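Coordinates in review
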Amino acid sequence: MADRYEPVQFEARWRKRWAEADLFRTREEPGRPKFYGLDFFPYPSGAGLSVGHCRNYIPTDVLCRMKTMQGFNVLHPMGFDAFGLPAENEAIAKKTTPAPMIDRYAETYRRQMDLVGISYDWSRSFKSSDPSYYKWTQWIFKVLYQRGLAYRKPASVNWCPVDNTVLADEEVQGGLCWRCGTPVEKKWIPQWFFKITAYAQRLLDDLDKIDWPEGIKQMQRNWIGRSEGVEFSMRVVFGGPAASRADSGPLPMPGDPDLEALRTEVAIEVQPSPEVEQARRLAASIEDAARSIEGPTAFEKAMDDFERHAEKIQVKVQDKVPYLRVFTTRIDTIFGVTFCVIAPEHPLVETLIAQADSETAEAIRNYRTEAASMGEQDRLAAEREKTGVFSGAYAINPANGARVPIWIADYVLMNYGTGAIMGVPGHDERDFEFAGKFGLEVVRVIDSAVGANEPLPFPAKDGVMVNSGEYEGLTVAEGQRRLGEWIEGLGIGERKVNFKLRDWLISRQRYWGCPIPVIHTKDGEEQLVPDDQLPVYLPEVENYEPSGDGSSPLTRIPEFVNVTDLDGRLGRRETDTMGGFACSSWYFLRFCDPHNEDRAWDKDKVDYWMPVDAYVGGAEHAVMHLLYARFWTKVLFDAGYVPVDEPFQRLQNQGMLLAPTPFRKPRPGEKLSVGQEGIQITFDEARALPPEEVFFRMEKMSKSKGNVVTPEEAVEKYGADGVRIFELFVAPFEQSVPWSEEGATGAVRFLSRVFKLVAELAPHYDRQWKTSIDAIDMEGVARDVRRATHKAILKSTHDIERFAFNTYISCLMTFVNEVNEAIRKSPDPDPALRLALSEALESLILILSPAAPHSADELWESIGNAGFTFLHDWPTGDPALAADDEVQIAIQVNGKLRDTLTMPAGASQIEMESAARASAKVQTHLEGKTVRKVVVVPGRLVNIVAN
RNA sequence: GCCCGGGUGGCGGAAUGGUAGACGCAGCGGACUUAAAAUCCGUUGUCUUCGGGCGUGUGGGUUCGAGUCCCACCCCGGGCACCA
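Okay, so let's go over this structure. All figures in this text were calculated on a predicted structure; none of them were measured in a lab.

The final tally for this structure, using the stated rule, is 58 salt bridges. Of the charged contacts, one joins Arg25 and Asp22 as a salt bridge, the two residues approaching to 2.6 Å between their closest N and O atoms. Given a relative accessible area of 38%, Asp22 falls into the partly exposed group. For Glu526, the salt bridge is made with Arg152, and the minimal N-O distance between the two is 3.9 Å. Here Glu526 is found in strand β21 (residues 526–528), whereas its partner Arg152 is found in strand β3 (residues 150–160), with 374 residues between them in sequence. For Arg152, a relative accessible area of 33% corresponds to the partly exposed category. When salt bridges with common partners are traced through the structure, they connect Asp206, Lys209, Arg630, Lys634, Asp645 and Glu646 into a single cluster.

All right, on to the protein's contact with RNA strand B then. Thr329, Lys386, Arg430, Gln735 and Gln888 are the nearest of the 54 residues found near RNA strand B. By atom count, sugar and phosphate contribute 66% of the portion of RNA strand B lying within 4 Å of the protein. One of the backbone N or O atoms of Tyr411 is found 2.5 Å from a sugar or linking oxygen in RNA strand B. Lys896 is positioned with one of its side-chain polar atoms (N or O) 3.5 Å from a phosphate oxygen of RNA strand B. When contributions to the surface near RNA strand B are tallied by element, the ones reaching two or more residues are α7 (214–224), β9 (323–328), α24 (741–761), α27 (805–825), β31 (886–893), β32 (896–904), β33 (931–937) and β34 (941–946).

Moving on: the nonpolar core. In a soluble, globular protein the nonpolar side chains are often hidden away together inside. Counting 98 residues, the largest nonpolar core has Met113, Ile725, Trp739, Phe750 and Leu848 as the members making the most contacts within it. A total of twelve residues in this core trace back to one element, the largest contributor, which is helix α28 (residues 831–848). In terms of domain composition, this core takes at least three residues from each of domain 1 (7–130 + 585–653) and domain 5 (718–882). Not counting the four nearest positions on each side in its chain, Met113 is found in contact with Pro42, Leu49, Tyr57, Met78, Ile118, Tyr120 and Trp122.

Time to look at the sheet that holds strand β19 (residues 514–515). Reading across from one edge, β18-β24-β19 is the order of the three strands in this open sheet, with antiparallel pairing throughout. This sheet does not close on itself; its edge strands, each paired only once, are β18 (507–508) and β19. Where β19 and strand β24 (residues 577–578) come together, two bridges link them in antiparallel fashion. Looking at β24, one finds that Cys514 is bridged to Met578.

With that out of the way, let us pick up the pairing of strand β1 (residues 34–39). Most of β1 sits out of view: six of its six residues are buried. Across the two faces of β1 the burial is the same, with Lys34, Tyr36 and Leu38 and Phe35, Gly37 and Asp39 all buried. Inspection of the sheet shows β1 paired to strand β2 (residues 73–75) by three bridges, in the parallel sense. Each bridged residue has a counterpart across the sheet, and for Lys34 the counterpart in β2 is Asn73. Note that the unit made of β1, helix α2 (residues 51–69) and β2 has a crossover that is right-handed. Both β1 and strand β25 (residues 614–617) contribute to a ladder of three bridges, which runs parallel. Looking at β25, one finds that Gly37 is bridged to Ala614.

The interhelical angle for the contact between α27 and α28, taken along N-to-C directions, is 160 degrees, at an axis separation of 11 Å. Our classification of the angle between α27 and α28 gives roughly antiparallel. In the crossing of α27 with α28, the sense of the turn from one axis to the other is left-handed. Where α27 approaches α28, its residues Tyr808, Leu812, Phe815, Val816, Val819 and Ile823 are matched on the opposing element by Leu837, Ala840, Leu844, Ile847 and Leu848. Of the residues that constitute the contact of α27 with α28, the class distribution is eleven nonpolar, no polar and no charged.

The subject of this paragraph is the side chain of Thr137. Topologically, Thr137 is positioned in helix α5 (residues 131–146). On the basis of relative accessibility, which here comes to 0%, the residue Thr137 falls in the buried class. When near neighbours in sequence (up to four residues on either side) are disregarded, Thr137 contacts Cys514, Met578, Ala582, Cys583, Trp586 and Trp632.

For the rest of this paragraph, the subject is the packing of aromatic side chains. For the structure on display, the rule yields 52 aromatic pairs. Arranged with centres 6.1 Å apart and planes meeting at 80 degrees, the rings of Trp14 and Phe868 form a pair that is edge-to-face. With Trp14 in helix α1 (residues 11–20) and Phe868 in the loop between α29 (853–862) and α30 (879–882), this residue pair connects regions lying 854 residues apart in the sequence. For Phe868, a relative accessible area of 16% corresponds to the buried category. Geometrically, the ring pair formed by Phe390 and Trp407 is tilted, given 5.9 Å between the ring centres and 50 degrees between the ring planes. With Phe390 in strand β11 (residues 389–396) and Trp407 in strand β12 (residues 403–408), this pair connects stretches of sequence that are 17 residues apart. The partly exposed category is assigned to Phe390, whose relative accessible area is 24%.

We now examine the environment of Val931. In this fold, Val931 is placed in strand β33. Put simply, Val931 and Ala946 are 15 residues apart on the chain and 4.1 Å apart in space, counted from C-alpha to C-alpha. In this structure, Val931 is in contact with Arg917, Leu926, Ile944, Val945 and Ala946, ignoring residues within four places of it in sequence.

With that settled, the discussion passes to α7. Buried residues of α7: Ile216, Lys217, Gln220 and Ile224, and no others. Projection of α7 onto a plane perpendicular to its axis shows the buried side chains occupying an angular sector of 100 degrees, all on one side. Those residues of α7 hidden inside the fold are in contact with α6 (200–205), β8 (226–238), β16 (493–499), α20 (624–638) and β26 (651–653). At the exit of α7 stands Gly225, carrying a positive phi of roughly 60 degrees.

Here four strands make up an open sheet; going across it, the order is β21-β20-β23-β22 and the pairing antiparallel. With one partner strand each, in any of the chains shown, β21 and β22 (562–564) form the two edges of the open sheet. The mean inter-strand angle of the sheet, taken between neighbouring strand axes irrespective of direction, is 45 degrees. Strand direction decides the pairing type here: strand β20 (residues 518–520) and strand β23 (residues 570–573), joined by two bridges, are antiparallel. The partner of Ile519 across the bridge, within β23, is Arg573. In the packing of α5 onto the sheet, contacts are made with β20 and β21, and the angle to β21 comes to roughly 130 degrees.

This paragraph deals with the pairing of β25. Here β25 shows two buried faces, one formed by Ala614 and Val616 and the other by Tyr615 and Gly617. Pairing between β25 and β26: three bridges, direction parallel. Its bridge partner lying in β26, Val616 is registered against Gln652. Each parallel crossover has a hand, and the one from β25 via α20 to β26 is right-handed.

It is worth spelling out the packing of α24 against α27 at this point. Here α24 crosses α27 at 35 degrees, and the two axes come no closer than 10 Å. When the axes of α24 and α27 are compared, the crossing they make is left-handed. Here α24 contributes Phe750, Arg753, Val754, Leu757, Glu760 and Leu761 to the contact with α27, which in turn contributes Leu812, Met813, Val816, Asn817, Val819, Asn820 and Ile823. When its residues are assigned to classes, the contact of α24 with α27 shows nine nonpolar, two polar and two charged.

Right, let's talk about unusual backbone geometry for a bit. Between Leu534 and the following residue, Pro535, the backbone shows a cis peptide bond with an omega angle of 0 degrees. Of note, Pro535 is situated in the loop between β21 and α16 (558–561). The omega torsion of the bond from Met610 to Pro611 falls at 0 degrees, within 30 degrees of zero and hence cis. Here the phi dihedral of Asn467 falls at roughly 50 degrees; this positive angle occurs in a residue that is not glycine. On the accessibility criterion, Asn467 (46% relative accessible area) is partly exposed.

Examined against the element boundaries, Trp739 turns out to sit in the loop between β30 (737–738) and α24. Assessed through its relative accessible area of 9%, Trp739 is described here as buried. Look past the residues within four positions of Trp739 in its chain and what remains in contact with it is Val51, Leu657, Leu658, Met701, Val709, Ala714, Tyr718, Phe726 and Glu727.

So, how was this worked out
- Residues numbered from 1 in each chain as written.
- Chains lettered and ligands numbered in written order.
- Predicted model: local features only at pLDDT ≥ 70, side-chain atom pairs only at ≥ 80, totals over all residues.
- Heavy atoms only, no water.
- Salt bridge = Lys/Arg side-chain N within 4 Å of Asp/Glu carboxyl O.
- Buried < 20%, exposed > 50% of the residue type's maximum accessible area, 1.4 Å probe, protein only.
- Helix = DSSP H or I, 4+ residues; strand = E, 2+ residues; numbered from the N terminus.
- Near = heavy atom within 4 Å.
- Polar contact = N/O pair within 3.5 Å; in protein donor to acceptor, adjacent residues only side chain to side chain.
- Core = buried A, V, L, I, M, F, W, Y, C linked by side-chain atoms within 4.5 Å.
- Domains from an automatic or database assignment.
- Contact = heavy atoms within 4.5 Å.
- Pairing = 2+ DSSP bridges.
- Right-handed = clockwise from strand over helix to strand, strands pointing away.
- Axes fitted to C-alpha atoms, helices over the stretch in contact; angles between N-to-C directions.
- Parallel < 35°, antiparallel > 145°, perpendicular 65-115°, else oblique.
- Left-handed = near helix turned anticlockwise from the far one by under 90°.
- Nonpolar A, V, L, I, M, F, W, Y, C, P; charged D, E, K, R; others polar.
- Phe/Tyr/Trp six-rings, centres within 6.5 Å; stacked < 30°, edge-to-face > 60°.
- Arc of directions from axis to C-beta.

The following block contains the structure:
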């Protein structure tokens, strides 16, 4: 029997035996509880895995292995998110096709995951690019479409001229393509969208029912970005002097007939005309009617027709009385409005140009051109000074009749709210800055208390209204309610909820993605491909380089494009493919029933396995993937296909493994962007440069940084179990930590100590210990061993459950140390101790098994036991046996530790207090003082308060 | 600027408001060895007049008692970023 950890001697052998026994095939025995443990769907890249990726897979594996041993039916699958740009780009570069390449990469991933002993059920594996999988991605697309949640609209999209593809807003980072770093341009083409905004409120609300890290939930809340406010109209007047409150004399105050008349007049002027009201009612009835129509096309068509007509009506109304629609979350500050700002893209800008004098019109045109030419990146740059141009027009504040200038500025965005705001510089930082820049008036209308005179800007919401006519003295909340009601009563606006969240753009003008199952008819209608014709296969082609004109390479394949529609006429197949986030929004459902050819999944199977009980992956997917997957699940729930409306009950984010990465200082002429500290270089370059030019930073391991340690390298050096133990032990699960060679040797040493201990205990091992151990009254060393055993079992179980893998490993170490000490004390154990040691021996191997499964099986066999530890029952800890007989009691005087006493665990408070008072050390500290109070915490401490 | 984490020995880290530093790494001393590696044993926050004092980013507060709770601030990491 080996008395040290020699992984080459046995690890590969055990992996072979596990595979031969089909050990990890999902158990679905009735009568057992279920557990679904899932890692994020990885995208297989040519670089293979690093030990950093294992930071994800190993902990999940530990949890799933323990759950299996605890008797759960465990679903622990792995598959591959195989569609996507990098594979396509790489295949183009290498003049090959993505499919076989991705197959090879996935094979590598699998080999590496097997190498570290992850217990995946590979019989359930699939790739999202398998036709048997994407058939059902297309089917779900149809479900969305049929529920009015998939639609096409021309939209300004982000265009990457290098990838020749469209990027989602979320895929643009700092104005650059997140993949290739090219500045993104704008392009208008028809795009497919999923209407995730229809689920915004539910996506927000249901965060409360899932067990996710609070930080991730908060990020999703911010992304959804719900804000309550008021949207209302302001009358627009052209020309005239640049009047402000100051030079237009005192404003009429509440009660003044002039003001009341003015308010009425303004309200009537900007009230929707009867035509618009009629159109609104019509819209509601169209919507109702559309819901009862079978098929979404009719609904969409009806809505299009309506919108076209509504637009005409709007234009008419605007011709008559131009008005400006603004959205504000701070209607309570309406008396502090000193200007308005509209986005350069706002439709009113055209009208303003037409009405302005030639000089102003010229300025506006220039400004608009400038704003349009600027990349989003520059326009939204953090500390950029405010810019803007006066439009020559004014808006009438409906609350006090003030005539305020309308400005055009790019700090207001067209795609949020109405693209227009009321400027309240007294109570908004950005407006304050803008007012300062252009010399606009700043008025105080909120204060922490009447007369407090807080410095402006004062954006706080806990305050009261001042200088606000009849609303004087109201709290912000009360003022918002009253003014909201007032505006609604006046008929010029309404309270409204706005979301930042935008609809999910899924169109990709790319080859390597899931085809969209839609046929465009000659008449420009959309037809869904019938179920029995799914999947729409991605054709095999030789040349699929991007066309460069924005259309997919599929456009150039006549046999793909040309089809007959449902009515037998010639039609055109949709050539856009779906972005990868679509594929990864339901794979967790397919794992429940991965090879079903008749439907996406059998409802019973999904009913059984869903939701995912532990979903584990990096925090970089905090928003997009998790939000999209939640959205699809909710849609499928509403359609009755899945039993849950949240897919992932519990989410855990692992930390990254960091590695030193070389950088050099910038050379003359090179510019660093904000937050960048140097230019990243290769290790070869670093060696070639003088040392003073090179510095190292800890960065996430990634192929592009050249700082990767592969699982192969690590396993060769430290063994699979050594790597597993080290990665678990090195830091708390969710924390990023540098990869360190020294730490890994500690893990190897620990495993060697386990082998040595088992070798020493083996001669004393009594396989029948269970039958007699509870009949014997243990004392001394035997009792200590039993206590250590049950403590270790209880703590391991609890720590794995709460994702505290580092303390799980440390408690194994402590356990080994304690048993070691026991046999050193009693090298010749008596029968009682032999029983205790036998229990310790078995328990140690079993609770070690999730973390170091190869070693556990090797040790298990070495002491003469058959079978795999994976199939053995998880030991049960007994809190009574784990309890200490004696405890150390801290004795404090005035909160400072003065003595520690050893006392029986059950000592009463009175016993503890008198023991404390009897302590000589305590008495010296009590000399000359009067005891005022004694605090006794049973089993813990006594604190004597004296002065 | 906003949001989310986090700041504890030389290092990674542990600690339901109750003895700060578990466990490991590195260091130091010793055993074994011709020697080294490996292994094992001991030791290791800091100052000290050896009584004890000081110690969990800083300053306050609550408490019999604070790494832990509250307030203000500083620093580090990540995310979002002119969202009205």
